[in-house]
Amino acid sequence: MKKSLVLLLILGMGQLAYSQSSLYQTSEFKQLDDHFELFQKHLFSASKYEFEDLKASTDEEEIRILSDFYYAISSIKIDNPGSSDLVYAFIRDYRNHPKTNEAAHVLGNFFFENRNFREAIPAFEKVRTDNISDAQRSEVIFKTGYSYFQLGDYPRALTQFNQVKGKSGEYSADAFYYAGFIAMNQGNYEQASRDFSAADKSQFYSTRVPYMLSGIYYRQAQYDDLIGYAENVLQNRKNLDRKEEIHLYLAEAYFEKRNFGKAAENYDAFVNARKGDLNRSQVYKAGISQFEIENYQRATDYFKVSAGQNDEIGQVSSYYLGHAYVKLNNPQFASNSFSAAYKSDVNPEIREDALINFAKVNLERGSFQDAVGALDNYLDNFPNGKHAKEAENLLTDALINTNNYLRAIEHIEGMPNKSPRIREAYQKITLYQGIVYYRDNRHELATNYFDKSISTPVNKELVVQAYFWKGEALSANGDLPTAIRAYEALQAQRPNPNDPYLIKSYYGLGYAFFNTEQYAKAETQFRSYVDRKQGSTEPENYDEALIRLGDVYYVQKKFSESQNIFQRAIRESNDFVDYAYFRSGVVYNFQNRNDEAIQQMTMLINNYPNSLHLEDAIYQKAQINMEEMRYADARDGFSRLISSRPNSPFIPFALEGRAVASFSLQNYSATIDDYKKILENHPNSSNSEAALVGLQEALAIEGRSAEFSQYLSRFRGANPDNKSLQNLEFEAAKALYFDNSWQQAIQAFENYMRNYPQASNRIEAVYFIAESHYKAGRKDLALENFYNIERERDSNQRLRAIQRIAAIEMENKNYGKALPFLREASKNARNQIEEYEAKRGLMIAHFETETFDSAAHYSDRVIALGNVTVDAVPAAMLIKGKSRLKTGNTDQAEKVFKDLIDEYKTVHGAEALFLLAEIQNKAGQFEKSNETIFDQSGPYSGYGYWYGKTFVLLAENYIQLDEDFQAKATLESIIANSNNEEIVKLAKEKLNKIN
């Protein structure tokens, strides 16, 4: 523009002023200036149009060239199609024009700004850099280098950047930065470090370079330089680019320098930034750092992640995870972690250490079965390992404390050399296994293991215990002579007089002698027992033993001693005080002290209406009144028995007694009625013939002798003349029955009934037929016959039939049908066993028919009866707890389950433990559920199903607590160790869901 103005002045020197002005206003130079003003205002569309028009209309070469230039540049500024071609054309057509350099520069920037780096390079290369300023030269060279950089041509890019580095201007820092980047990628860390350090001086790159420079220091293992540099920039610079990764480089450097506190701090800083994830190696190192500074909880957060795969990192992480959980007093998690480390065979040394630690942790938490298996495994796989001696000592302790006694016994029996400590452990666990079999009513197996214990007499106290339990098992199995020898062998050991098993042996041996009718010897044993137990804080069977001592005196006719014992029982409010009153009355009767006898019977009758001895007392009291000729009192007593206990076996004799009393009171009509009832309802009773004689006499006195013939005929019908043959045939059929020849017995009894259709013992024959069918497994035929007996309301066999009907209907799961028979059986029970069976049946039937309140009620009734059988009380407690649970009384159910778990280590306790833990699980108390399992499960490992279900529940708790690692380890352990197919299947299904 300046040149056009100068030209204008030269051409117009001689013209007039007004002419000059007019000429400029209308010249092409004025148009050029106006169009350039549009260009400068960035009105490129307008300037493009005007310059295009000017170029077409001018004859001035310079104006045409300038119009061509601004036309092309305006086109490219508005990105017109083909605009770059216009610029290239200008450069080609006016190669030597001053505007050519500017056109090439503009074209290069156009391509550069549009990221068309491939086109930018040749455009920039057309700029003659020797004809431009230093700043422009740096710009062109840098942008050419950056274009090569973006195209991946790092060598050419670096050549360009190196020309700009250190030059004045804004692009020097850029050149250093990108040159450093290329050097870093080429592994030339020294050069990269120098270039980045130079770029770091720029304010723009001061936030970007620290990440790059930190990475270079780390790659060169220049940890001190990294720490010195990174700590400084983190402290003094804000808004750092990729700050979290600087923390990560610092963490890695501090880890290498074993500064675990600083490493942990920086690993956490990276994680907390939430802008990226650590790789497994870094997660592992973060865990180690936290572990080394004793931040064990945080260490577990990292190790749980790095332990997820079966490789070296996974194995070591599991190992450290186990130690971290030990420090956190979480033995269950520690156990699972050590187990995972042992199962990996990547590093044998870690595998060995993990196994011994797994054993130790399980010993400490009471999981003796797992501990024994681990120690056994260790000694098999590492017989000369560095922990071998320790493992042997631990194994001995574990064997003694394990609940899987059979495995422990097998292990010891397979050991070629047994130390005294191992032999004593064997003595103890064979004793314990025997007790397990005894409680499971497997008495022959129990005896076998008691003998094994006795055969290794290292510990005298254990020998005493083994002889005691052997005696108990033999007694329970009915082998009383051998049981006696076992008890006597115990006493021959001469244990301490206060030894509890010596004292218990007096009771057991006393009963063995009593039941074999060796009453003098029984007396000695029972007396020794009650003398030791009188006033004891743990009386155990004192009350019963005292009563039995009274009985022993009684059968030996030592009435004074017997009376003293029964009166002592009464004074002490003995649990069997009702029986004491009855026996005391009987003894007074034998001593001819009948008033006192009656007083004792009356005490029983008035104060113990539910006593099992009530019928005996009423009958005995009436009999004594008869002896004292108090006929009215005797009659009233017999009447009370007849009316209150219509199914009592005393009925025919009470009828006879009342008949005699009425006869003595000259009430012959009443006498006749009672004798008739005997002959009509009890024709096969042993006193039926006496009743016939008494009836004849009373009818004669009343002048009614004509009536006698019909009763005589009835008696003959019930007692045919060929009685001896009939009895022989009946007894032969019974012999077949008692010989377990069920089918032959049925046939024999059916023949008997055909031969003697009117036989008085017909119902008894039907009973034997029913029993034979039952024992032969034909429950339907048995049930049909028992129902036939049940319809005979006055039959002596009816109660037994009712009991059997109840039992069969229970076996058939017809619980509703069983209920009325169980109620009647309970009401008419003649002894404690019958009462227990009836009430137990009512408990189960009500539970199965979902009348849970009644089930709980009868559970309490069964519990009140005590240990009638080995598992009577725990079974009832379990039903009670489940019933309370079904009715929504969770608190009551929990209390029952806790009491059951505390008191009984039986299968019932195992199920109760599962149910208690499940209650807590369903309430969302997952940690409490786990604590319950950890604290209580040890004694139940022998009950595979419930033990397995409990630990599957443990895994479910872990899942709910987001502890998938622990859940997987638990399920894998179940799958590896459980022998129950159902539990293994359940564990596999749950494990598949986690995976």
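Keep in mind the model is a prediction, meaning the values are calculated, not measured.

What counts as what
- Residues numbered from 1 in each chain as written.
- Predicted model: local features only at pLDDT ≥ 70, side-chain atom pairs only at ≥ 80, totals over all residues.
- Heavy atoms only, no water.
- Helix = DSSP H or I, 4+ residues; strand = E, 2+ residues; numbered from the N terminus.
- Rg over C-alpha atoms; globule rule 2.2 N^0.38 Å.
- Buried < 20%, exposed > 50% of the residue type's maximum accessible area, 1.4 Å probe, protein only.
- Contact = heavy atoms within 4.5 Å.
- Areas by Shrake-Rupley, 256 points an atom, 1.4 Å probe, with all protein chains shown as cover.
- Salt bridge = Lys/Arg side-chain N within 4 Å of Asp/Glu carboxyl O.
- 1 Å grid on protein atoms, 1.4 Å probe; cavity = no way out; pocket = protein on both sides within 12 Å on 5 of 7 lines; lining within 4 Å.
- Points joined across faces, edges and corners; volume = space filled by probe spheres on them.
- Core = buried A, V, L, I, M, F, W, Y, C linked by side-chain atoms within 4.5 Å.
- Phe/Tyr/Trp six-rings, centres within 6.5 Å; stacked < 30°, edge-to-face > 60°.
- Lys NZ or Arg CZ within 6 Å of the ring centre and 35° of its normal.

1. Observations regarding the overall build of the protein
Counting secondary structure elements, the protein contains 55 helices and zero strands. Taking 30 Å as the expected radius of gyration for a compact globule of 995 residues, we find that the protein reaches 54 Å, considerably beyond that expectation. The dimensions of the protein, computed from C-alpha atoms along their principal axes, are 195 × 65 × 50 Å. Classification of the 995 residues of the protein by burial places 51% in the buried group. The contacts in the protein between residues at least 6 apart in sequence include a share of 50% that link residues at least 24 apart. A total accessible area of about 48000 Å² is found for the protein, and carbon and sulfur atoms account for 45% of it.

2. Regarding the pattern of salt bridges
Inspection of the entire model under this criterion finds 44 salt bridges. Across the salt bridge formed by Arg242 and Glu245, the nearest N and O atoms sit 2.9 Å from each other. The closest approach of N and O atoms between Lys262 and Glu265, which form a salt bridge, is 3.9 Å. Of this pair, Lys262 and Glu265 are both found in helix H16 (residues 260-273), three residues apart, which corresponds to roughly one turn of the helix. Judged by its relative accessible area of 48%, Glu265 is partly exposed.

3. Examining the layout of surface pockets
Looking at the second largest pocket, its volume works out to about 570 Å³. As for the second largest pocket, its lining consists of 24 residues, of which Asn681, Pro683, Asn684, Ser760 and Ile763 are closest to the centre.

4. Description of the environment of Asn564
With respect to the helices and strands, Asn564 occurs in helix H32 (residues 559-571). The spacing of Asn564 and Ser584 is 20 residues in sequence and 8.8 Å in space, taken between C-alpha atoms.

5. Description of the nonpolar core
Phe161, Phe196, Tyr267, Leu375 and Phe526 are the most contacted members of the largest nonpolar core, which totals 255 residues. A per-element tally of this core places helix H29 (residues 500-515) first, with 10 residues. Apart from residues no more than four positions distant in its own chain, Tyr267 is found in contact with Leu248, Ala251, Glu252, Phe255, Leu278, Gln282, Lys285, Ala286, Ser289 and Tyr302. Core analysis: the next-biggest nonpolar cluster, separate from the first, contains 36 residues, Ala806, Ala818, Tyr858 and Leu865 among them.

6. Some remarks on the packing of aromatic side chains
Summed over all chains, the structure comprises 67 aromatic pairs. Geometrically, the ring pair formed by Tyr437 and Tyr449 is tilted, given 5.6 Å between the ring centres and 45° between the ring planes. Of this pair, Tyr437 sits in helix H25 (residues 420-439) while Tyr449 sits in helix H26 (residues 443-454), placing them 12 residues apart in sequence. Judged on exposure class, the residue Tyr437 and its partner Tyr449 are both buried. For Lys504, the ring lying beneath its charged end belongs to Tyr501, and the centroid distance is 4.8 Å.

7. A few points about unusual backbone geometry
Of note in this structure, Glu517 is not a glycine but carries a positive phi near 65°. In this fold, Glu517 is placed in the loop between H29 and helix H30 (519-533). If you check the backbone angles, Asp962 has positive phi at about 60° while not being a glycine. As for its position among the elements, Asp962 is in the loop between helix H53 (944-960) and helix H54 (964-977).

8. What to know about the side chain of Asn828
Residue position: Asn828 is located in the loop between helix H46 (815-827) and helix H47 (832-848). Apart from residues lying up to four places away in sequence, Asn828 is in contact with Asn647, Leu799 and Glu834.

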